[in-house]
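Close look at the chain arrangement
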Amino acid sequence: MAVNRQRLIILVMAISLVITVSYIVMDFFQKMKAADENTAFAQGFQVGYEQAVLQLLQQASTCQPVPVTADNFTLNLLATECLQQVETPAE
């Protein structure tokens, strides 16, 4: 009987070890996945920010007022180069 009891204890400990290691590995991979998703989000945010600034600059370069709105406040932007062209008298 002692041998069967010893085998049962070893079996229970082995199963517990497998469950514990599985939990640790799953937790590690979930953290890695979350870190990758956060990195992808940050990269997407940066790309969107750059595209918005480039679009604003391209629109301003046409010498037309560019309306920019934030928090119910709108401001028309105009490139200073366009103002200098208007002020320069033609010869």
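Quick look at the pairing of strand β2 (residues 73-77) now. Alignment of strand β1 (residues 66-70) against β2, held across five bridges, turns out to be antiparallel. The residue of β2 that forms the bridge with V68 is L75. Between β1 and β2, which pair antiparallel in sequence order, lie two residues; one of them, D71, sits at a positive phi of approximately 50 degrees.

Right, let's talk about the state of the cysteines for a bit. Such a bond, covalent and formed between the sulfur atoms of two cysteines, is termed a disulfide. Evaluated as defined, the whole model comprises one disulfide. The disulfide partner of C63 is C82, and the S-S distance across this bridge is 2.1 Å. Handedness here is read from the sign of the S-S torsion; for C63 and C82, about -85 degrees, the answer is left-handed. A residue pair is termed long-range when its members are at least 10 positions apart, and C63 in the loop between α1 (2-60) and β1 and C82 in helix α2 (residues 80-87) qualify at 19 residues. For C63, a relative accessible area of 31% corresponds to the partly exposed category.

All right, on to the environment of V66 then. On the secondary structure map, V66 appears in strand β1. Taking the C-alpha atoms as reference points, V66 and K33, separated by 33 residues in sequence, lie 41 Å from one another. Residues within four places of V66 in sequence aside, it is in contact with L56, Q59, A60, L75, N76 and L77.

Rules and cut-offs
- Residues numbered from 1 in each chain as written.
- Predicted model: local features only at pLDDT ≥ 70, side-chain atom pairs only at ≥ 80, totals over all residues.
- Heavy atoms only, no water.
- Pairing = 2+ DSSP bridges.
- Helix = DSSP H or I, 4+ residues; strand = E, 2+ residues; numbered from the N terminus.
- Disulfide = S-S within 2.5 Å.
- Buried < 20%, exposed > 50% of the residue type's maximum accessible area, 1.4 Å probe, protein only.
- Contact = heavy atoms within 4.5 Å.

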